[in-house]
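This is what each chain is made of:
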Amino acid sequence: MQLSGIEILERHARAGIWSFDLETQAIHWSDGIYAIHGLDRASFTPQLDSALSFYTSESRDALSQAIDRAQRQGSGYSLTVELIRADGARRHVQAIGQVELRDGQQPLLAGALLDVHDQVKERNISAARERRLAVENKRWRTAGENAGLGLIDIDLYEDLYRVYGRFNSRIGLSHADESAIDRDKWYSWIGENDRRERKKRIDAHLEANTADYSCEYRLQLPGRDPVWLRERGRLVDTDEGRRIVGTVSDITAERAAQDALRVSKRRLTQTLTQAPTGIALVSPQGRWLTVNRALCEILGYDELELLERTFQDITHPDDLETDLDYVDDLLSGRKLTGRMEKRYFHKQGHSVDVQLDVSLLRDDAGEPLYFICHIQDISESKRTLHELFEAKELADITFESIGEGVIRIDVNGRISELNSASVQLLGGTREQMLGEYFGDVVRFYDPDDEVPIDDPMPRVLGEGDRVRVPIFTRLRRRDGEFISIVDSISPIHDETGDVRGAVFVFQDISEARRVTQELMHEASHDPLTGLPNRRGFDEALARTWMRVQQGALHAFVMYLDLDHFKAVNDICGHAAGDELLQQIAQAMYSLLRDSDVLARLGGDEFAAIVHAGDADGARVVADKIIQRVRDYEFTYDGRSFEVGVSIGVAELDRGLDSTDSVLLHADTALYAAKNAGRNRYEFYQDSAAEGDQAVANLGALELLQRGLDKDEFILYLQAVVDGDGTPVGYEALLRLSEPDGVIRPETFLPIATRLGMMSRIDRWVLRHALHLIEAYEQRALWPEGCYLSINISPISVADPLFHAELISMLDQHEVGAGRLVFEVTESEALFGEHYPQLIQNLRDRGFEVWLDDFAGGHTGFDILKHASVDGIKIDRAFVRNLEHEPIDRAVLRSIADVAATLDINIIAEGVETQAARELLKRANVRQFQGYYFHRPEPVEAALVHTAALSERSVSSLSVTTPRV
C-alpha cells in the first residue's frame, strides 16, 4: 500500500497533525497524534479539556494561553511543552498551531505535534555538562591562585611557554593574567647549572619514563633578582599537538631557608643522634629536616623515609586540625613555645601517642626558620591514665587552667560547675555558688549607672541562642564592688539538639574601662585648667541645642578673649601665662551655675554656655565676668598685672539653622567688643554690619562656594596596606585647588564647619568618589580587590535628608559593596535617632562603616557600645606616641582585645616609622596607613605609585622595637 507524505512523516519523525474547529468545537487528531499520546481512535475521542489534560500543569497553562491568544489575535504559536502519555511516560513535544480564516465561519485552528523528547534531553544534558565544566575550571584556577600557584602550559608544538594567573605579577613577569614566552627565551632565563637537569627531566617525561614532570630551578628575569621555581606537570596530547600542563610556584624563600638550615644541621647532627628522646627540626611547611635515631625508633621509619615526608603525612587526622592551629599560633607570634599531646601513625600502621614540646626559631629579621621539636612516646602512659582517670577529670584540669571565668549552668538554670577564676572574680567561695540559680549569683548592671540589666540566661536556655551582654556591662561582686566584663553565654546541646544547659564565659576588663574613661576625660578637657576643651564644648553645645529645639531651655553662647594676656607671656614667660590662665579660669567658673558650661578653646580664648531666660539674664552674667576679671590683680615674680576680658554674646535661638550659626554670631560679636575698646561685651545684632570679621567670613564663604560650584575641589588618595605593604584600599582625602597652590583640608574644613557647609562638601566627595571608581574600573586601572574609603562629617550623619541622597546615589551608580567604605568620626550624631537606620541601609547593600580617629582621646570604647561599626581606625596622634608611651601600648592591647571580641577590623593611620608598624603588628593590627607607606597624591599618580608597593617586601625591614 502506498503511503502519503504525511503518513511517512508521522511514522518516521514521531509527529502528527491536528485541527480544532472553533465553530463546532470538534477536534481532529491524525494517527501520529494518537501514537504520541499512547492512544487509539477506538478508545478516545479528543475534546479541548481532555486533550489538554495530558499535559503537565505548567505546560497546560502555556498551551491554554497560546490557544486563547490565537483565537483573539489570529497569531500562531510554537511551544516546547511536557506531555504525560496514557501509559504515564513523560515526553517533551513541540506544539505548533496557526489560525486559518474561513468565509462566513469562525476560524479553524490547526497545527502539528512533534516528539522532541530526545533532542530536549540531549540539550539539557549538554548544558549541564558545560555548566559543570565551567564551574570546575573556575574552581581549579581559584584554588591554584589561592595556593600561590601559577598555571603553566608548555606548548611543544608552537614552542611557547605560557603562564596564567596572578603568578605573572608575583614574580615580576607581567601584570597581565596570561603571558606567552618563547621557550628558548624562557630557557635562557634559567640558571646555567639548572638548564641541563630541567631538560633531562622534561625529556624523560616525554619519553614516558616518568608518570609526572617535576623540577626546581633558578630563574633570572632581566633586571630582577633570581627566584627559585618549582614546576610540576604532566604530558597531554591534544588536537593542536603535545603539551605539558601543570603548576609553577615560587619557592625562593623555601630554598633560602633550606640553605640556612643545612649549616646548622651539620652542627646539631651529633647531638641529635645520641639524644635519648625524639628530637627533630621541622620546616614551617611541615617537612622533616632533621630527625634523630630515637625518633626513628618511636615511629618505625628510618631517617631517609622520614625526611621524604611531612609531619602532616603521619599525623592522626583527628589531631591534624589542632596541630595546624598550634603551628599557626607559633608562626603568628601568639605563642612562643608550647606543649601538646598528639598521635602519629607508626610505619606498621598503628597510632603512637606522643608528647610534643615545640618552639620556633626565627632569623635576625624575625622570619621563621624551623620548629625545634622534642617528642616523647607516651603511649604507655596514656594507656595507664585512661584506666585511672575519667574524661571528666581531664576536663576539670583544662577547666581550671582557663584564665577567664567559666560557669556551667544546668537545664534548670542552676550553677553546676565553676572554675577558680570565676570564684575570684565574683568573690565568695565555690560552696556559696554551687547549686544556686545563676541569676542569684551573677547580676548584670548598666555600664554607667547602678541600674540592673535583665538576666539573659532564660533566653539562652529557652531559645538556644548564643548571647552577649553589651561590652563593659558590670557585675556586682559579693562584696558589693563592680567589675566591667566582656562575655558570652552559649547553650549546650545534647545529641538530639535539645538544650541541656549553658556555659557563661567572662573576663574582667575593668582596667580597659578605666583607661577608656581617662581617655574620654582627657579628650574633652583642657589639661591646664581642667575645663572642657573645644571638643567638650562642642558636645555640650550640641546637647544644649537639642534641649533648646525641644523648647525645654533658653540659652546664650559667649566667646571670651582675655585682653593684655600676651604681655604677661612676653614679660614673665609661659609659666606665668599658664598660672594666670588657671586662676582666671577658676575665677570665671565660680560665677557660673552648675548647669552652665565654661570651656577653654585654646590660648587665651574661652567659651561659655549660659542658661538664661532672656538677654538681661545673659547681661548680668557677662557684667559679673568682666567685673571679676577687671578687679583681679595677677602677681608673679614681684610684678603685678591687670587683665581684662572681651565678650561676644549670641542667643542660641531655635530659629537658627545649626549651632554653627550661633558660633559665628558670637565670634562676630566678640570682634565688635574688641573693636569698641575691649574689656566689654557686645550682643550679636542681626541687622548690623559687624565690621571686618563679617567680611572675612563672607570671603571664606565665597571661596568655598566657588570651590563647589566650579569643581575646584580635588580628591587625593592615600593607600591603606596590609602587613606585607600591599595596598588593600585607599582613603579619599579632600584638597582645594587655588591659583597659588593646593589648600589642605585642615585649612578650610574648620571654616566650612563654622559656615554650615559640611553637608554640601560631603555630597561633593560622595558624588566624585563614585564617578572615580566607575571611571578607573572602566579603564581597568582600579586595583583588584581594593576599596575606597570616604569620610562623612557628623553634621551629615545627623541629617536624614543626606541619608536619603546617599542611598539614592549608591543605588543609582550600583558600585560594588566591596569597593566603598564609609568613615564616621566620634560625635553625638552616632547616638542620634537617624544613625542606626543609616547603618542598616548601608549594611543591607553590603557596605562597611568604620569609626575614624579611634583612641584619639574621645569616647572610644563607649562609642562601640552604642554605634554599630565594622572597623575602627586608630587615630594618627595616638599611633605617633606608641614608641614612647607605655600606657598607649597598653591601651593598644585593650583595643585589639575588644576588636577581636566584637569581630571588627582595626586600621592604624598615621604610621610614619618602622618601629610603630612593628608595635602595631604585634598587637594584631593587620592594616596600616601613613607616610611610611605612601603620601597622599592625585588619583592616577597614587594608583601608579602604589602599584609598586605590592612588588616589594616591606616586612623584610627589621629594627629593634619595644614589645607591646
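Because the structure is predicted, anything quoted here is derived from the model rather than measured.

J.: Account for the overall build of the chain, naming residues and giving values.
T.: Secondary structure assignment for the chain yields 36 helices and 40 strands. Within the chain, buried positions represent 45% of all 964 residues. Intrachain contacts of the chain at a sequence separation of at least 6 include 55% that bridge at least 24 residues. Carbon together with sulfur atoms contributes 48% to the accessible area of the chain, which is approximately 49,800 Å² in total.

J.: Give a detailed account of the packing of helix α28 (residues 758–778) against helix α30 (residues 800–813), specifying residues and quantitative values.
T.: Close contact between α28 and α30 brings their axes to 11 Å; oriented N to C, the two are set at 10°. Compared by their axis directions, α28 and α30 come out roughly parallel. Of the residues in α30, those in contact with S759, D762, R763, L766, R767, L770, H771 and E774 of α28 are L801, F802, E805, L806, M809, L810 and H813. Of the residues that constitute the contact of α28 with α30, the class distribution is seven nonpolar, three polar and five charged.

J.: Tell me what's going on with the nonpolar core, and back it up with residues and numbers.
T.: Counting residues in each nonpolar core, the largest one holds 84 residues, and the members touching the most others are L788 and F822. For this core, the leading source of residues is α28, giving 10 residues. Residues lining this core come from more than one domain, with at least three contributed by each of domain 4 (402–515) and domain 6 (708–955). Those residues in contact with F822 that sit more than four places away from it in its chain are L766, I790, I792, L806, L810, L842, F847, E848, V849 and W850. F565, L581, A585 and L598 belong to the second-largest nonpolar core, a separate cluster that totals 35 residues.

J.: Residues and numbers for the sheet that holds strand β8 (residues 178–182), please.
T.: Read from one edge of the open sheet, six strands run β8-β7-β6-β11-β10-β9, paired in antiparallel fashion. The sheet is open, and its two borders are formed by β8 and β9 (213–219), each paired with just one other strand. The sheet shows a mean angle of 25° between the axes of neighbouring strands, direction not considered. Across seven bridges, the pairing between β9 and strand β10 (residues 227–238) is antiparallel.

J.: Talk me through helix α24 (residues 615–631); I want residue IDs and the actual numbers.
T.: Between its first and last C-alpha, α24 extends 24 Å over 17 residues, near the 24 Å set by a 1.5 Å rise per residue. Looking at α24, one finds that the buried residues are A618, V621, A622, I625, I626 and V629. The buried residues of α24 all sit within an arc of 130° when viewed along its axis, so they share a single face. Relative to its buried face, α24 has exposed residues pointing more than 90 degrees away, namely D616 and D631. Buried residues along α24 sit in contact with β24 (555–563), α23 (574–589), β26 (605–611), β29 (644–651) and β30 (681–683). With a side-chain oxygen positioned 3.2 Å from the backbone nitrogen of D616, the residue opening α24 is D614.

J.: Can you break down helix α31 (residues 835–844) residue by residue, with the values?
T.: One turn of the α-helix equals 3.6 residues, which is why residues spaced by three or four share an orientation. Buried within α31 are the following residues: Y835, L838, I839 and L842. All buried residues of α31 lie within an arc of 95° about the axis, which places them on one face of the element. Lining the buried residues of α31 we find α29 (794–797), α30, β35 (820–825) and β36 (848–854). Positive phi appears at G846, one or two residues downstream of α31, with a value of about 85°.

J.: Residues and numbers for the pairing of strand β17 (residues 405–410), please.
T.: Walk down a regular strand and you will see the side chains alternate between the two sheet faces. Of the pairings in the sheet, the one linking β17 to strand β23 (residues 499–508) comprises six bridges and is antiparallel in character. Each bridged residue has a counterpart across the sheet, and for R408 the counterpart in β23 is V503. By the bridge criterion, three bridges tie β17 to strand β18 (residues 415–418) in an arrangement that is antiparallel. By the bridge assignment, R408 is partnered in β18 with E417. In sequence, β17 turns back onto β18 through a hairpin of four residues, with G413 there showing a positive phi of about 90°.

Reading guide: rules and limits
- Residues numbered from 1 in each chain as written.
- Predicted model: local features only at pLDDT ≥ 70, side-chain atom pairs only at ≥ 80, totals over all residues.
- Heavy atoms only, no water.
- Helix = DSSP H or I, 4+ residues; strand = E, 2+ residues; numbered from the N terminus.
- Buried < 20%, exposed > 50% of the residue type's maximum accessible area, 1.4 Å probe, protein only.
- Contact = heavy atoms within 4.5 Å.
- Areas by Shrake-Rupley, 256 points an atom, 1.4 Å probe, with all protein chains shown as cover.
- Axes fitted to C-alpha atoms, helices over the stretch in contact; angles between N-to-C directions.
- Parallel < 35°, antiparallel > 145°, perpendicular 65-115°, else oblique.
- Nonpolar A, V, L, I, M, F, W, Y, C, P; charged D, E, K, R; others polar.
- Core = buried A, V, L, I, M, F, W, Y, C linked by side-chain atoms within 4.5 Å.
- Domains from an automatic or database assignment.
- Pairing = 2+ DSSP bridges.
- Expected span 1.5 Å × (residues − 1).
- Arc of directions from axis to C-beta.
- Polar contact = N/O pair within 3.5 Å; in protein donor to acceptor, adjacent residues only side chain to side chain.

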